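Notes for the structure review
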Amino acid sequence: MTELDCYRPLGRSGLRVSPLALGAMTFGTGAFCAGDDTARKLFRTHVERGGNFVDTADNYGDGRSEELVGEFLRDTARDDLVLATKYSGPGFRDGGPVSDPRHRSNGRKNTVASLEASLRRLGVDHVDLYWLHIWDGSTPAEEVMAAFDELVRAGKVRAVGLSDVPAWYATKAAMLGGPPVTALQLAYSLVERAIEAEYVPLAQEFGTAIQPWGAVAGGFLSGKYTRDGAGTGRLAGADVPEHRWAILDAVRELAAEVGATPAQVALHWVTRRPAMPAPLIGARSPEQLTESLGALALDLTAAQVDRLTEVSEVPLPFPHDVLRRLNAGLPR
């Protein structure tokens, strides 16, 4: 059993973080956001349970998420928290993405300007972890890492990370010198294991942490959807591949065995994966957050975890699949 205050090293940064990080994407305004009072309860619940890792971004709620996190920080000791924010993600207004090339750029000008704006909204003089949110497809890694180095030397950023970038780009950034890439933030779940081919070996080679997001696959692994298209949410009526339904069946079966919810089982599996010290969770209600935190209390056996791993395993591209089989002592 793991408690939320069982802190773990985040890569080689010296930062120690709770085994689940609270994502603040639901803080602010919008169809998928919690109200201000609910956001405060979510923040307070996370901190009071021992959570010390909070992750926001300048585009969440069009900046309102950072403002709320800044307000909530005044009720706790700033240095007790590992505060992360991001820049260069797409904007969202009126329920849809907004394309703004100025704010989507990963270039030095936007890196510096975005951080200054984030610090003002948060009401702090530095952040512990600053993420490049999504690669813009053109800015070279040299420019990004040079700007990060400048901000670290200025004391405005303690560690840096890359979110949703190609594996080759992350590898190049890690080899340029300057501040190390502390963490990679990537989609990962029982139904989305593609990062195992390139990113997991990359992270292990460079001592970089992986922070998974989407552990319940947009709600799919919570069990609220059925094959007949019933249920509510973004995936209701969607054309879901059969192998994903098979994975969900296995999750439901194990959840019934151990007296847990499917979401707890799916999240617990992610917490047991190597090089992933602090998966990201989000919630729109205190009840949903409490359910997610309950994943840490599960005491699944190694055999039960292996059942989920086996049912969700998909062939990796050559030569990764051959190497995986050889390392496991299996025939090619």
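Provided above is the structure to which this section pertains.
Residues numbered from 1 in each chain as written. Predicted model: local features only at pLDDT ≥ 70, side-chain atom pairs only at ≥ 80, totals over all residues. Heavy atoms only, no water.

1. Digging into the pairing of strand β10 (residues 181-187)
Counting buried positions over the seven residues of β10 gives six, a clear majority of the element. Looking at chain direction, strand β9 (residues 157-163) and β10 are connected through four bridges and run parallel. Within the sheet, the bridge partner assigned to Ser163 lies in β10 and is Gln185. Assessed by its sense of winding, the connection that carries the chain from β9 through helix α6 (residues 167-174) to β10 is right-handed. (Buried < 20%, exposed > 50% of the residue type's maximum accessible area, 1.4 Å probe, protein only. Helix = DSSP H or I, 4+ residues; strand = E, 2+ residues; numbered from the N terminus. Pairing = 2+ DSSP bridges. Right-handed = clockwise from strand over helix to strand, strands pointing away.)

2. Details of unusual backbone geometry
Residue Asp62 is not a glycine yet carries a positive backbone phi of 55°. Within the element layout of this structure, Asp62 appears in the loop between β4 (53-55) and α2 (64-73).

3. Quick word on the nonpolar core
Among the nonpolar cores identified, the biggest contains 80 residues, and Phe27, Phe148, Leu162, Phe220 and Leu221 are the most heavily contacted of them. Here this core takes seven residues from helix α8 (residues 242-258), the largest share from any one element. When residues no more than four places from it in sequence are discounted, the contact partners of Phe27 are Leu22, Cys33, Ala39, Leu42, Phe43, Gly61, Ser65, Leu68, Val69 and Phe72. In terms of nonpolar packing, the next biggest core, distinct from the first, is built from 14 residues, Phe53, Ala84, Trp131 and Leu280 among them. (Core = buried A, V, L, I, M, F, W, Y, C linked by side-chain atoms within 4.5 Å. Contact = heavy atoms within 4.5 Å.)

4. Concerning the environment of Val251
Turning to its location among the elements, Val251 is positioned in helix α8. For Val251, a relative accessible area of 0% translates into the label buried.

5. Let's talk about the packing of aromatic side chains
On inspection of all chains with the given rule, the structure shows ten aromatic pairs. Considering the side-chain rings of Tyr130 and Phe148, the 6.2 Å spacing of their centres and the 70° angle between planes classify their relative orientation as edge-to-face. Taken together, the residues span a long stretch of sequence, with Tyr130 in strand β8 (residues 127-132) and Phe148 in helix α5 (residues 141-153) at a distance of 18 residues. In this structure, Tyr130 and Phe148 share a single accessibility class: buried. (Phe/Tyr/Trp six-rings, centres within 6.5 Å; stacked < 30°, edge-to-face > 60°.)

6. Quick word on the environment of Ala34
Checked against the element boundaries, Ala34 lands in the loop between β3 (21-23) and α1 (36-48). In this structure the C-alpha to C-alpha distance between Ala34 and Ala24, which are ten residues apart in sequence, comes to 9.7 Å. Dropping the residues within four chain positions of it, Ala34 is found in contact with Thr26, Gly28, Ala39, Leu42 and Arg284.

7. Regarding the sheet that holds β9
Strand order across the open sheet formed by eight strands is β11-β10-β9-β8-β5-β4-β3-β12, with parallel pairing between neighbours. Each edge of the sheet is formed by a strand with only one pairing partner; in this case those strands are β11 (209-213) and β12 (280-281). Sitting on the sheet, α1 is in contact with β3 and β4, with an inclination near 175° to β3. (Axes fitted to C-alpha atoms, helices over the stretch in contact; angles between N-to-C directions.)

8. Thoughts on the packing of α6 against helix α7 (residues 199-206)
One way to put it is that α6 packs onto α7 with a least axis distance of 10 Å and a crossing angle of 10°. Between α6 and α7, the interaxial angle falls into the category roughly parallel. Two secondary-structure elements touch here, α6 through Ala167, Ala170, Thr171 and Ala174 and α7 through Tyr199, Leu202 and Phe206. Per-class residue counts for the contact of α6 with α7 are six nonpolar, one polar and no charged. (Parallel < 35°, antiparallel > 145°, perpendicular 65-115°, else oblique. Nonpolar A, V, L, I, M, F, W, Y, C, P; charged D, E, K, R; others polar.)

9. Considering α7
Tyr199, Val200, Leu202 and Ala203 are the residues of α7 that are buried. For α7, the angular spread of buried residues about the axis comes to 160°, placing them on one side. Where α7 is buried, its residues meet α6, β10 and β11. Count one or two residues on from α7 and you reach Gly207, which has phi positive near 70°. (Arc of directions from axis to C-beta.)

10. Regarding the pattern of salt bridges
Across all of its chains, the model carries 20 salt bridges by this definition. Here Lys86 and Asp55 are joined by a salt bridge, their closest N and O atoms 2.4 Å apart. With Lys86 in strand β5 (residues 82-87) and Asp55 in strand β4, this residue pair connects regions lying 31 residues apart in the sequence. Among the salt bridges present, the one from Lys156 reaches Glu116, with a minimum N-O distance of 2.4 Å. Here the residue Lys156 occupies a position in the loop between α5 and β9, and Glu116 occupies one in helix α4 (residues 108-122), the gap between them amounting to 40 residues. Looking at Glu116, the relative accessible area reads 26%, which means it is partly exposed. Each of Asp36, Arg40, Arg64, Glu67, Glu71 and Asp75 takes part in a single network of salt bridges with overlapping partners. (Salt bridge = Lys/Arg side-chain N within 4 Å of Asp/Glu carboxyl O.)

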